[in-house]
Structures are given as C-alpha cells and as structure tokens.
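Reading the structure
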Amino acid sequence: ETPGHGLLAGKKVVVTAAAGTGIGFASARRAALEGADVVLSDFHERRLGESVAALAEEFPGQRIDRITCNVQSTADVDALIAGAAEKLGQIDVLINNAGFGGEGELVDMSDEDWDRVLDITLNGTFRATRAALHDELLAVADGRKLPWFGPPMSPTSMATARLSEKRSAERE
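Rules used throughout
- Residues numbered from 1 in each chain as written.
- Predicted model: local features only at pLDDT ≥ 70, side-chain atom pairs only at ≥ 80, totals over all residues.
- Heavy atoms only, no water.
- Helix = DSSP H or I, 4+ residues; strand = E, 2+ residues; numbered from the N terminus.
- Buried < 20%, exposed > 50% of the residue type's maximum accessible area, 1.4 Å probe, protein only.
- Polar contact = N/O pair within 3.5 Å; in protein donor to acceptor, adjacent residues only side chain to side chain.
- Contact = heavy atoms within 4.5 Å.
- Core = buried A, V, L, I, M, F, W, Y, C linked by side-chain atoms within 4.5 Å.

Attention now goes to the side chain of Ser51. With respect to the helices and strands, the residue Ser51 is situated in helix H2 (residues 45–58). On the basis of relative accessibility, which here comes to 4%, the residue Ser51 falls in the buried class. A polar side-chain atom of Ser51 sits 3.0 Å from the main-chain amide nitrogen of Gly20. Once residues within four sequence positions are removed from consideration, Ser51 is found in contact with Ala18, Ala19, Gly20, Phe25 and Leu40.

Shown next as structure tokens:
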C-alpha cells in the first residue's frame, strides 16, 4: 500500500455508497489516509456502522462519521449533504460513488429494472451534487462559487456507455 502524503490534510470529504469492501469504502479509507475528515454514507446501516468503526479505529486522530442515505431519495440526499456540512463545517470533496448495474442480464431487464439503475447511478449523483452546489456547501479553493457547466457527458451518453459495458460483459 502506498503511504499517505497528507494530500487531503484538513480537508472534509463525503463519500456515497461507502459501506462494505468496495470502491466507496476504499475511497473513504484513502481520503482518511491522506489526512481528511470523512463522512461515509450508505443505506446499509449495519455495514455503514462497521465501516465507520473500522476507519475510526485505524485513524483515531481524524473525524470519521456516518449518515445513512438512500441516493434514490432527494430528502435523504439533502439531509446527507446538510448533515455532513454541519458535522464537518464544510465539504471540500464529494465522492459520488453510488452506482448499480442491475441484478440480471441486460436482455432480461425490465424497464423498471433499468429505471432503478439510472436512478441510483445517474440521478443519485445529480441529487448529491445539486444539493452541495445549491446551498454552496461544496467549498472551492479560492472562495468563489463553483460554476455549473453541466456533466462532462450527457446522461444519455453515460447510460449508453454503461449499457454497452454490461452487454459486453454478458458476452464474455
């Protein structure tokens, strides 16, 4: 493992879908390793608690906290962002990690299944980013409000890319 270099020392980080052993937890751990105070979120309360306990034990000098959140709920996401800003004082980094690829093969997915993929993966990211930008809770280094130029890819392009990846994986 590469040791931390203090790259996020004093920074405040929020990570969605951070319970368990996946990318979200690894991102939260890396942020803490780099010196950040971190709020983890997920809708799996037990795993979220276990993840926070593990990081708090490993990084006793830093604030490691949690807020339960289902990114499919605007109210949950708004509460996450507001709660994280209250706990941390501000938000310097927002890691929108929540994502869902479906539970079956693409060819067998219903429209409702696909809508859930989009709601968690795309809309969840939109909700969290909007909440942080709307209330100017996401800090910017020079103090200016972060301009919103839109996503680097349109939601349709991202969905099409994800669809192609899923189909390619099914063929392997």
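Right, picking up where we left off after that structure.
What follows concerns the environment of Ala79. Its location among the elements puts Ala79 in helix H3 (residues 74–88). Separated by 11 residues in sequence, Ala79 and Thr68 place their C-alpha atoms 9.3 Å apart.

With that settled, consider the side chain of Asp119. Looking at the element boundaries, Asp119 is found in helix H4 (residues 111–134). Among the polar contacts listed, one links the side chain of Asp119 to the side chain of Gln72, at a separation of 3.3 Å. Polar contacts involving the side chain of Asp119 include one to the side chain of Asn123, which spans 3.1 Å.

Our next topic: the nonpolar core. The biggest cluster of nonpolar side chains holds 23 residues, and the ones touching the most others in it are Val14, Val39, Leu80 and Ile81. Elements that contribute at least two residues to this core include exactly H3 and H4. If we ignore the near neighbours within four places in the chain, the residues touching Val14 are Val39, Leu80, Ala84, Leu88, Ile91, Val93, Leu94 and Ile95. Residues Ala18, Ala19, Leu48 and Val52 belong to the second largest nonpolar core, which totals 16 residues.

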